[in-house]
Structures are given as C-alpha cells and as structure tokens.
Amino acid sequence: MKKYLLILLSAASAMLSQAQTLKECGNTAHDHLLQETVPGYTERRQMIEDFTQKFIEKEMMNGGSRASTIITIPVVVHVVFENDLENITDAQVLSQIDVLNEDLRRLNADAADTPAEFEGVAADFEIEFCLATIDPDGNPTTGILRIPTTETSFGISDDIKFSASGGSDAWPADEYLNIWCGDLGGGLLGYAQFPGGPDNTDGVVITYSSFGREGYVLAPYDLGRTGTHEVGHWLNLYHIWGDDFDCSGSDLVADTPNQEVATYGCPSSPLADACNLSIQFQNYMDYTDDACYNMFTEGQKERARALFEPGGARFDLGNSIKCISYNFDAAALEILVPTGTYCFSTFSPVVTIRNTGSEVMTSVDINYSVDGATPVTFYWTGSLDTYETEDVTLPSLSLGDGAHSLTITVSDPNGMPDEYAGNNETSSDFFINTFGLTLPLVQGFEADPFPYTGYSVINPNGSFTWERTTAASKLGSASIFMNHFENTAVGAVDEMELPAYNMTGITAAHLDFDVAYAVYTPGGDYSDTLQVLVSDDCGVTWNSVYYKAWPDLNTAGATGTAFVPTQDQWRFESVSLTPYIGDKLIVKFRTVSSWENNLYVDNINIASGTVGIDEMSDNAWFDVYPNPANSWINIAYGFAQSPTVNIEIINLAGQVVLSDMAPNIPGQSNQTSLLVNSLPAGVYSVRMFDEAHAVQRTFVKN
Ligand SMILES: [Zn+2]
C-alpha cells in the first residue's frame, strides 16, 4: 500500500510539474493520503457511500418525492498569505461566495449554454452559502480570517489547516464550511476533503490565483469554478470520469455519461470519447476550463443532499445558524417535565432555554401557562453565552387527574425586545393519572386520531415517529407503525408510552402484541430494533423486557420496497410483566432507526394473570384445559360480537402450527375441542381472535 501511495503521489506531482495550463485538482491524491494515514477513514467512507446509495435507491422508489428545503451553509474563509498578492481582497472572497451561490442554485448566467441533451438532468442543488457572522466563541465575525505565514506554498499536505504548520486552524466542521485560500504551488488549483475525514481538516482549499472571479485571478481558471469543483468533492462528488483511464470507473452517478478520462481546455459539443458518443464535459466535476463549465446533474444532487438528511454526514452543518445574528434572542427549546403520562399530581416543570443572541444572556422572562390560563412569569437570571443552554426548573404546580397542557414562552432577554420570535415558544401535552387505569388494556389502534389520551409519542429529533396506519393490521383495520423505510435518522430513538395502570392487589401480569417487520438490506448488516420497557415507579426507572433486531425481529424476508405486511407476516409476542409489578405499571415501546424498513405493532394487550389462569376482558375471554394436554385441548370461550372466531396454535418460534375456526354465540359461554396429538411435546400458545379482539394462553403438550 505504501508503495502504491508513493507511485500515486509522484504521478500527481509529475502532472503538477507540467505546464500551468494543465489543470490539476489534488482531491484524489489527498483522498489516498487519508486512506493511508487516517485510521477508520476508509470504513467511514464506505458507511457514507452505503447511506448515499440507500438514499438514492429509496428516493427513486418514491419518485424523488422527498421535500427539499434550501440549505444554507455558513462559510469561514482562511486567507493564509505570505505576500500582498496572496492576501486577496474581501471583494475577491465575496466573488467566490457569489459563484458558489450561482452554480449550486443553477443561477449561473451560462446555464443557457448547457446542451439541450443534458438540460433535463441539470440540477439546482438548493444549497446556498453565507459568510459566517458568528465565530465559534459566539462573537461577531466577517467570516474572513487573514493569517500571515512564512510558508511559500502548501501543496496537499494539509499544513495550511493548522496554525502550528504556518496555516490556520479549522473552525468546527459541524457548524462551518472551512475554505482555505493560499499558495498551493506547482499549478495545483485546489483540493477538498470528502465527507468522512477528520473534522480538523474538513473543508476546501483553493489556490489564491483561482479564488473567486474578481481581483487577482488567472485565466483560464478565473471564474471561481475551482471553488465549485472542490465544493462538489466536499459534497461527496467524484470526478465525472470516475478517476480511471478507461470506461470501467464510475462517479457513482446514474445520469452522468460514462467518460474515459478528464477533459481539458474547452472543446465544442458534442464530444465523443471511447465510452460515449457525447460526454458531459460541461459538468463542474470534469477538468475543463472555467468558462466551459455550466452544470451539475440531478444524480449528483441526490449524492450531495443525502449528506444533509438526518443521519447524513453533514446533517448538523445543514442546521448551523452561524450566519444569523441577533444581539438579543432567547429560545425556549423543549419541556422536559412533564411529558406523556405523569403519575404525580405535584411536580416542578423543567424547560430547556438557549441564548441564541450574540450578547451574553443574563436574564430572561419565562412565561408559563397551564391549560390556556393567564401566563405566570418566572424571572430567570444567570449567565449564558451564545448558544449555551440551561435546564430551568420552574415553581411547582399541582394539577388534578386528566389531560393538561403546558405552554412556555420566553421574552425580554436582558430586558431587551427579543429579536426573533420563531423560537420563543414550546409546549407539552401531558396526562396526569395518579391512580392509574384498571387492567386489562386491549388496544387494537382502531380509533382515530392517534395518539390517544394518556398515550405519548416521544420523538426527540422531530422527524418520523410512531403513527397509526390503515395500510396493515393483524386484526381490525389499523395498526401502529414506524416509517423506517424513509427514516434516514440512523440511531434516532422513537418511543410510544402507554398510560399507567394501577397494580394494587395484582401479583401477576403479561403483555401480548403482534409485530411485523422486514429489513431493506439483505444479509442483516443493518436492522431497526424494537424494545419494550416497563416502569413500576411512574417512569423514573425502566426495565427492558423485550429486545429484538434482525434476524429475531423479522417476520418476512428482506424487501427493497416499503414493507407492508400481509396477514401471514405477523408474529405474536408474549412477555411476562410479573417481575416488574409495583404500585403502577407503565409500558413503552422503543424503536431505534437503522433506516431499513417499516415496523408494525398491533393488538397490544396487558392483562393480569399468567399462563393457566383465566384471562378475561369485557369483550373476549377463554380458558384452555387440560393443561398439560395429551391428545386434545378443550377451549371454553366467549366473544362479544362475532358469530365465528379463529383459533391458532403457535409454537415457541412464533409459527402457527395449527389453525381452526369455531362458532361463537355472543354473550354466551361456548366450547370447542382441538386435536393436538400431532404436535411434538413442548410449550405452545393457543390464541383466539375475531375482527376486533384477541386473547391468548400458553399450554404444555406432553
Ligand atoms: Zn477534483
């Protein structure tokens, strides 16, 4: 590998030593340098590529339907200069930002020069750039740093990115795009770091004489397109010819024509090569002269935009607000207490506030209102730097059982008018239940809308979460599901918390539910997860009683389309809650996204009792005997509505091994028998269900 790198670098420098007019971007050599020297870089690149390919596949399946928003990226430009010429003017810096905003938004005047055959795929990336107005310490900045150096040139060594080696240290890569301007030497125009590299070298480097399109810029690289090209790399785009010298390589973009080698100069269109009758040398990721560039493609846009999805490598940067500047702005971010179901009648609300102004915040009014009543003001004082947060505990409240809402707004930071109203308010709908509901819980998610009173959906990232669907159900016409097919936020947690149940006098209980799940990626490299947690102390502490991922969670094979289970693709699950019985019992379902495929849950039932003890509700009950069984089982049952009911015998692997139907006279005690002599000895569940209700019991076959 070392030898390979040396050959590669010397090949690159051989090219650099040729005439100035032969364009050179150092990105490929720099990428190989990182592969050689940075542990884990290659693996991170592969993970980002997997994420990108999955995004593109799923976007195509959805017809590219995902809503696009304009992303604005704060930029800091480090002008590292050894002489006056290299100390480029503010106007020259600004001209580069202008070029980026034109080219990435397809507002470039020469967009009209895109050949008709490529117009259909020419893309507006919907990505914009602004010079940062707030520095990492929260102080105002022009976004332009001027750093004198004694170094005469930098090459691709990354020395320009560290003050210790005569350059300028990067600002945090999750808040800024770092662009370094300096003398790269040897005719090298620039290089960028692909997403996935170290934070302290992340960004783009452009030689001073090709920086922007005003001031000291040298033809034919004098229109700021070196910046566009390098930002393309930084947005995970490869050279359009795939960095090979034949037709085998690819830029991993479907709508750019396969291309043999780099194009230099400014040829006329159409231009054929060994791979294609008309190559796309107008693409910013080729090597043509600045005046011949005019387009990116939709396929390239998909690669770039994938980075800014939740879970993408540049997601945080896409949400950076380092270009916005308010002197006095407070934000009410989130109510931490109370949320969901709350077992205590007296509590102290907790809210997270943030200083989003540039001045240190020393006071703010926190106005809180319960159930729409006149707000009460809590006068907070303290010291919060720009973007610092604090969890503020408010005076205690006492409320009766039932549904409530708490709305909190902030105003008058430092006694001044709040300059931005869009982040001033947060609210929480919660349910106080000091006694607890009475078992059993029979929840088929048939009612609309969801979430129901006393249920809470906890969705910290504000993206996809548990929702009711009528696309699939085990019983009835609805279930609850997580849209992991579209939920790019890998690692994001979503919870559905059920109401608290009173457990006084109850010594045994169990939870039943139906689940359906399939992965998207075959082979089990990735899986979303399902976990069930229970609390016997009103949500202060939680115990895990169920956890499954691929292959245990699957109820169907991997599928490349959004998973919708058939009736056969559900599995019944039963969990004992007996070890966790206290005064009250709260159950919650938690899922963690791996951006794979949809997860469904239906028929959540919680009942007192364990196996072998009668389990009843108002709507369905049954009993099984003898237990243990030998040749047959007798089933006594009653369902409130249906004229017939279904019976399933399920083995420990969750497979239905016997099924039958039986007549049911509503409101009466019915009885049937089932031959089980063909079953191997072991533990089974017998389950009875109609359109709306299900009951289930375990028995032993001798
Ligand atoms: Zn390049």
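Cut-off values and rules
- Residues numbered from 1 in each chain as written.
- Predicted model: local features only at pLDDT ≥ 70, side-chain atom pairs only at ≥ 80, totals over all residues.
- Heavy atoms only, no water.
- Donors = N, O, S within 2.8 Å, 3.2 Å for Na, K, Ca; no water.
- Tetrahedral: all angles 85-135°; square planar, octahedral: opposite > 155°, others 65-115°.
- Domains from an automatic or database assignment.
- Disulfide = S-S within 2.5 Å.
- Helix = DSSP H or I, 4+ residues; strand = E, 2+ residues; numbered from the N terminus.
- Buried < 20%, exposed > 50% of the residue type's maximum accessible area, 1.4 Å probe, protein only.
- Core = buried A, V, L, I, M, F, W, Y, C linked by side-chain atoms within 4.5 Å.
- Contact = heavy atoms within 4.5 Å.
- Axes fitted to C-alpha atoms, helices over the stretch in contact; angles between N-to-C directions.
- Parallel < 35°, antiparallel > 145°, perpendicular 65-115°, else oblique.
- Left-handed = near helix turned anticlockwise from the far one by under 90°.
- Nonpolar A, V, L, I, M, F, W, Y, C, P; charged D, E, K, R; others polar.
- Salt bridge = Lys/Arg side-chain N within 4 Å of Asp/Glu carboxyl O.
- Pairing = 2+ DSSP bridges.

Section: the coordination of the zinc ion
Part 1: The protein atoms that coordinate the zinc ion are Cys-25 (SG), His-229 (NE2), His-233 (NE2) and His-239 (NE2), at distances of 2.0 to 2.2 Å.
Part 2: Around the zinc ion sit four donor atoms; with metal-centred angles ranging over 97 to 123°, the donor geometry is tetrahedral.

So, the domain arrangement of the chain
Note on interface size: it is often stated as the accessible area lost on association of the parts.
Part 1: If you check the domain split of the chain, you get domain 1 (2-309), domain 2 (330-432), domain 3 (441-608) and domain 4 (615-701).
Part 2: Centre-to-centre, using C-alpha coordinates, domain 1 lies 44 Å away from domain 2.

A short note on the state of the cysteines
Part 1: Counted according to the given criterion, the structure contains four disulfides.
Part 2: Shown here is the disulfide that connects Cys-130 with Cys-323, its sulfur atoms set 1.7 Å apart. Since a negative S-S torsion denotes a left-handed disulfide, the Cys-130-Cys-323 link at about 95° is right-handed. Of this pair, Cys-130 sits in strand β2 (residues 127-131) while Cys-323 sits in the loop between α8 (315-318) and β7 (330-337), and the two are 193 residues apart along the sequence.
Part 3: Look at Cys-323 and you get partly exposed, because its relative accessible area is 21%.

Quick word on the nonpolar core
Part 1: Counting residues in each nonpolar core, the largest one holds 42 residues, and the members touching the most others are Phe-129 and Leu-235.
Part 2: Secondary-structure elements contributing two or more residues to this core are β1 (71-81), α4 (90-104), β2, β4 (177-182), β6 (204-207) and α6 (225-234).
Part 3: At five residues, β1 tops the list of elements feeding residues into this core.
Part 4: Ignoring anything within four residues of it in the chain, the contact list for Leu-235 reads Leu-104, Phe-125, Ile-127, Arg-303, Ala-304, Leu-307 and Phe-308.

Side note on the packing of α4 against α6
Part 1: Where α4 meets α6, the axes come as close as 9 Å, and the angle between the chain directions of the two elements is 60°. Overall, the two elements α4 and α6 adopt an arrangement that is oblique. Considering only the axes of α4 and α6, their crossing is right-handed. Here α4 contributes Gln-96, Val-99, Leu-100, Asp-103 and Leu-104 to the contact with α6, which in turn contributes Arg-225, Gly-227, Thr-228 and Val-231.
Part 2: Among the residues forming the contact of α4 with α6, the class breakdown is four nonpolar, three polar and two charged.

Observations concerning the pattern of salt bridges
Part 1: A full pass over the atoms with the stated rule returns 18 salt bridges.
Part 2: In this structure, Arg-314 engages Asp-202 in a salt bridge whose closest nitrogen and oxygen atoms are separated by 2.6 Å. One end of the pair, Arg-314, is in the loop between α7 (298-306) and α8; the other, Asp-202, is in the loop between β5 (190-192) and β6, with 112 residues separating them in the sequence.
Part 3: For Arg-314, a relative accessible area of 6% corresponds to the buried category.
Part 4: The buried category is assigned to Asp-202, whose relative accessible area is 4%.
Part 5: A salt bridge links Glu-573 to Arg-571, with the shortest nitrogen-to-oxygen separation between them at 2.9 Å. Here Glu-573 and Arg-571 have matching classes, each one buried.

Quick look at the pairing of strand β23 (residues 509-517)
Part 1: β23 sits mainly inside the fold: nine of its nine residues count as buried.
Part 2: Sheet topology places β23 next to strand β28 (residues 599-608); eight bridges connect them, and they run antiparallel. Paired with Ala-509 across the strands is Ser-608, a residue of β28.
Part 3: Here β23 pairs with strand β26 (residues 571-576) via six bridges, running antiparallel.

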